[in-house]
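# Coordinate analysis (summary)
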Amino acid sequence: MTGAAHEVKTPIFAANWKMNSGPTESRAFLRTFLARNARRPDRTVMFFPPALSLAAVRDSLRERPDILVGVQNIHWEAKGAFTGENSAPIAKDAGATHVLVGHSERRHVFGETDEQTGKKVAAAVAAGLTPMLCVGEKLEERERGETEAVVVRQLRAGLAALSNAQIASVLIAYEPVWAIGTGRTATPADASVVHVATRRELTSIAGEHGAKVPILYGGSVNAQNVRALLDAPGVDGVLVGGASLDAEGWATIVRS
Ligand code: PEP
């Protein structure tokens, strides 16, 4: 298994378009976005479009290799009879450098298990893709005081197959499920508590390698709250769904 090499500057601004924006809309979005966002050496911008829009996004970004592009999901097998799925080697060949793994919609809409996220993370790293492992508690888990236990369980399962050195090459996104697409954002203080606990766990799993892993926050981030969230201790970037779908709005967030 190889390690996925990447050097990212923090803060990281990652756009998860979910099941929005076909190739035509993606090209139009990027024309507007690129006109408003010059290259900045002090941050990293990343897009996760639908897989069928990946080529259009890559093509639109050919003059901007500083902007990274990934897919939203992969299967853990490299190839075979899995109709409708994409594998890590296929995503890599199509030009992706990154992949979301264990997004809350994969876990809670499609029933993806902790064990499956572990296999997907391992498959991504084996193919030379950088996984962004998403973790986060449901509202009832938060109310039962289980936030940290859930996040630790998801981290351990997601990273189980990696060596410590490989863990240094992944990205983590803390996304409380109750804050995704709901307009309800964790306060910077709430986010910070979990980011600090996540860092503690990463360091306990992988020592100094775990200390290097960027930890993003996601959940109803927008142009109004992004600055405060990025200023919260332990927050190295943001993963943004709804507010990344408007090119002008996303350009404003990325400039913050
Ligand atoms: C997401 O899809 O990862 C996300 C955080 O969505 P939203 O910003 O819409 O809450």
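For the structure given in this document, a descriptive report is provided here. (Residues numbered from 1 in each chain as written. Predicted model: local features only at pLDDT ≥ 70, side-chain atom pairs only at ≥ 80, totals over all residues. Heavy atoms only, no water.)

### Overview of the packing of aromatic side chains
We describe a pair of aromatic rings using the distance from one ring centre to the other and the angle between the two ring planes. Scanning all chains against the criterion turns up seven aromatic pairs. Grouping aromatic residues by their ring pairs yields a cluster made of W17, F29, F33, F47 and W250. The ring of F110 carries the charged tip of R106 above its face, separated from the ring centre by 4.1 Å. (Phe/Tyr/Trp six-rings, centres within 6.5 Å; stacked < 30°, edge-to-face > 60°. Lys NZ or Arg CZ within 6 Å of the ring centre and 35° of its normal.)

### Things to note about the pairing of strand β8 (residues 237–240)
A two-sided burial pattern is seen for β8, the buried positions comprising G237 and L239 on one face and V238 and V240 on the other. As paired strands, strand β1 (residues 12–16) and β8 are joined by four bridges and run parallel to one another. Looking at the pairing, A15 lines up with V240 of β8. As paired strands, strand β7 (residues 215–218) and β8 are joined by three bridges and run parallel to one another. Considered in β8, the bridge of G218 is made with L239. (Buried < 20%, exposed > 50% of the residue type's maximum accessible area, 1.4 Å probe, protein only. Helix = DSSP H or I, 4+ residues; strand = E, 2+ residues; numbered from the N terminus. Pairing = 2+ DSSP bridges.)

### Some points on the nonpolar core
In terms of nonpolar packing, the biggest core is built from 58 residues, with F33, F47, I172, Y217 and W250 touching the most fellow members. Ranked by residue count, the leading element in this core is helix α11 (residues 247–255), at five residues. Dropping the residues within four chain positions of it, F47 is found in contact with A15, W17, F29, L30, F33, L61, I67, L68, V69, G70 and W250. One finds V8, A14, A173 and L239 within the second-largest nonpolar core, a separate group that totals 13 residues. (Core = buried A, V, L, I, M, F, W, Y, C linked by side-chain atoms within 4.5 Å. Contact = heavy atoms within 4.5 Å.)

### Things to note about helix α7 (residues 147–159)
Between its first and last C-alpha, α7 extends 18 Å over 13 residues, near the 18 Å set by a 1.5 Å rise per residue. Listing the buried residues of α7 in full gives T147, V150, V151, V152, Q154, L155, G158 and L159. (Expected span 1.5 Å × (residues − 1).)

### Here we look at the pattern of salt bridges
Here the structure, examined in full by the defined rule, presents 18 salt bridges. D59 is the salt-bridge partner of R27, the closest N and O atoms lying 3.0 Å from each other. With R27 in helix α1 (residues 23–36) and D59 in helix α2 (residues 54–60), this residue pair connects regions lying 32 residues apart in the sequence. Taking the relative accessible area as the measure of exposure, R27 reaches 34% and is therefore partly exposed. Judged by relative accessible area, D59 falls into the partly exposed class, the value being 35%. In this structure, D114 engages R153 in a salt bridge whose closest nitrogen and oxygen atoms are separated by 2.6 Å. Residue D114 is located in helix α5 (residues 114–127), and its partner R153 is located in helix α7; the two are separated by 39 residues in the primary sequence. Overall, D114 belongs to the buried group, its relative accessible area being 18%. (Salt bridge = Lys/Arg side-chain N within 4 Å of Asp/Glu carboxyl O.)

### Comments concerning helix α9 (residues 188–206)
Residues that lie three or four places apart on an α-helix share one face, since the helix turns once every 3.6 residues. Relative to the 27 Å expected for 19 residues at 1.5 Å per residue, α9 spans 26 Å between its end C-alpha atoms, a close match to the ideal helical length. Buried within α9 are the following residues: A191, S192, V194, H195, A197, T198, E201, L202 and A206. Buried residues along α9 sit against α6 (139–143), α7, α8 (164–167), β6 (171–174), β7 and α10 (226–231). Phi turns positive, to about 55 degrees, at G207, one or two residues after α9.

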